[in-house]
Amino acid sequence: MQLLVNVDHIATLRNARGEGYPDPAEAAKVCEQAGASGIVFHLRKDRRHIKTEDVYRLKETVKGDLDFEMAATDEMLAISKDVNPELVTLVPESREELTTEGGLDMETVFEDFRDRVFPAYANTDIAISLFVDPKEKDIELAAKLGSDAIELHTGTYANATTESDKETELQRLKEGAELAHTLGMKVNAGHGLNLQNLPPLVNTVPHLNDISIGHALISSALFYGLDETVKKFLTIINNTNK
Ligand code: PXP
């Protein structure tokens, strides 16, 4: 299991004043020095946080895995192929949302992904991950496309307020991870994870590969510093009882 830090909100803070700092690429360096295995960013159509220039700076700076999160538009396919990250994670994206609101509806995107998106990466070394909810049908369709990985959407678990709802969501994630693993895909996870809800997740859900964490980690870094915060998350990831 490895930690990939999402640096989108370093860019959010920078863009609030239009100055050149804080710099997502500098933050990426600190995260990797603290032990993170890689960096994630989401280049949104509206460029509300990460800008196209950031992507190229991150490609130059990041030594570990670079995960390019994006909507599957022709523009993003072209930029991602030019950048050549280790991984692209395809997500649904709507203009009004504050953040990604759920996994891909695989039935809706299936034909487009089969005919346009997956062929676009056929002659590259870029691995593909599909951001999905822990639903059997979506996971099966991801496997049918030949996806290298899925990223399980952990947002519903993160937002659950009662112990019983949290337990239900953990069980769904566990079953989703088991199914994806059986179908030969790597299992990543992310969205809404923090220092409190990460331990039950990593101790319950099997086969986890990349854990992608952004907002809560960058927020905690305001109080503890980026280096120390990355280490706090790594302590959880490295001390799972699985
Ligand atoms: N994974 C995906 C697919 C996402 O869209 C996001 C948010 O950009 C994350 C992980 C990270 O979520 P958070 O910022 O809540 O940690």
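Since the structure is predicted, the reported quantities are computational estimates derived from the model, not experimental observations. (Residues numbered from 1 in each chain as written. Predicted model: local features only at pLDDT ≥ 70, side-chain atom pairs only at ≥ 80, totals over all residues. Heavy atoms only, no water.)

Moving on, we come to a nonpolar patch on the surface. Where nonpolar side chains cluster on the molecular surface, the patch consists of Leu13, Leu222, Phe223 and Tyr224 and spans about 510 Å² of accessible area. For the nonpolar patch, the element with the highest residue contribution is helix H10 (residues 215-224), accounting for 3 residues. A residue is classified by how much of its surface remains accessible, and tyrosine 224, at 41% relative accessible area, is partly exposed. (Patch = residues over 30% accessible without salt bridge, like charges linked within 9 Å, V, L, I, M, F, W, Y side chains within 5 Å. Areas by Shrake-Rupley, 256 points an atom, 1.4 Å probe, with all protein chains shown as cover. Salt bridge = Lys/Arg side-chain N within 4 Å of Asp/Glu carboxyl O. Helix = DSSP H or I, 4+ residues; strand = E, 2+ residues; numbered from the N terminus. Buried < 20%, exposed > 50% of the residue type's maximum accessible area, 1.4 Å probe, protein only.)

Below, the discussion takes up helix H6 (residues 136-144). Because an α-helix completes one turn every 3.6 residues, residues spaced three or four positions apart along the sequence face the same direction. For H6, the full list of buried residues reads Asp138, Ile139, Leu141 and Ala142. An end-on view of H6 places all buried positions within 165 degrees of arc, on one side of the element. The exposed set on the far side of H6, more than 90 degrees from its buried face, consists of Glu136 and Lys144. Of the surrounding secondary structure, the elements contacted by the buried residues of H6 are helix H5 (106-120), strand E5 (127-132), strand E6 (149-153) and helix H8 (163-182). (Arc of directions from axis to C-beta. Contact = heavy atoms within 4.5 Å.)

Each neighbour pair has its own omega, and for tyrosine 21 with proline 22 the value is -5 degrees, a cis peptide bond. Unusually for a residue other than glycine, arginine 47 sits at a positive phi of about 55 degrees. Here arginine 47 shows up in the loop between strand E2 (38-42) and helix H3 (52-61). Taking the relative accessible area as the measure of exposure, arginine 47 reaches 16% and is therefore buried. With a phi close to 65 degrees, histidine 207 is a non-glycine residue in the positive phi region.

On to the layout of surface pockets. Here the largest pocket defines a volume of roughly 490 Å³. Together, 25 residues line the largest pocket, and His9, Thr99, His191, Gly192 and His215 are the ones closest to its centre. Elements with a contribution of two residues or more to the lining of the largest pocket: helix H1 (8-17), strand E8 (208-213) and H10. Its residues assigned to classes, the lining of the largest pocket shows 6 nonpolar, 14 polar and 5 charged. Taken as a whole, the second largest pocket spans an internal volume of roughly 190 Å³. Around the second largest pocket, the lining residues are Gln2, Asp65, Glu86, Leu87, Ala127, Ile128, Asp148, Ala149, Lys186, Asn188, Asn209 and Asp210. (1 Å grid on protein atoms, 1.4 Å probe; cavity = no way out; pocket = protein on both sides within 12 Å on 5 of 7 lines; lining within 4 Å. Points joined across faces, edges and corners; volume = space filled by probe spheres on them. Nonpolar A, V, L, I, M, F, W, Y, C, P; charged D, E, K, R; others polar.)

If you walk through the whole model with that rule in mind, you get 1 aromatic pair. Over the aromatic face of tyrosine 224 sits the side chain of lysine 232, whose NZ or CZ is 4.2 Å from the ring centroid. (Phe/Tyr/Trp six-rings, centres within 6.5 Å; stacked < 30°, edge-to-face > 60°. Lys NZ or Arg CZ within 6 Å of the ring centre and 35° of its normal.)

Attention now goes to the pairing of strand E4 (residues 87-90). A two-sided burial pattern is seen for E4, the buried positions comprising Leu87 and Thr89 on one face and Val88 and Leu90 on the other. By the bridge criterion, 4 bridges tie strand E3 (residues 65-70) to E4 in an arrangement that is parallel. Within E4, the residue paired with phenylalanine 68 across the bridge is valine 88. Between the parallel elements E3 and E4, the chain passes through helix H4 (residues 74-83) in a crossover that is right-handed. Bridge count between E4 and E5: 4 bridges; the pairing is parallel. The residue of E5 that forms the bridge with valine 88 is isoleucine 128. Each parallel crossover has a hand, and for E4 linked through H5 to E5 it is right-handed. (Pairing = 2+ DSSP bridges. Right-handed = clockwise from strand over helix to strand, strands pointing away.)

Right, let's talk about the pattern of salt bridges for a bit. Applying the stated criterion to the full structure yields 11 salt bridges. For the salt bridge of glutamate 169 with arginine 172, the shortest nitrogen-to-oxygen distance reads 2.8 Å. With glutamate 169 and arginine 172 both in helix H8 and 3 residues apart, this pair spans about one turn of that helix. Taking relative accessible area as the criterion, glutamate 169 reaches 12% and is therefore assigned buried. Several salt bridges share partner residues, and in doing so they unite Asp74, Asp112 and Arg116 into one network.

Take the nonpolar core next. Generally speaking, soluble globular proteins have nonpolar side chains that are buried together. In this structure, Val5, Phe68, Phe113, Leu130, Leu198 and Val230 are the most contacted members of the largest nonpolar core, which totals 72 residues. The biggest single contributor to this core is H5, with 7 residues. (Core = buried A, V, L, I, M, F, W, Y, C linked by side-chain atoms within 4.5 Å.)

Function cannot be inferred from these measures alone, as they are strictly geometric.
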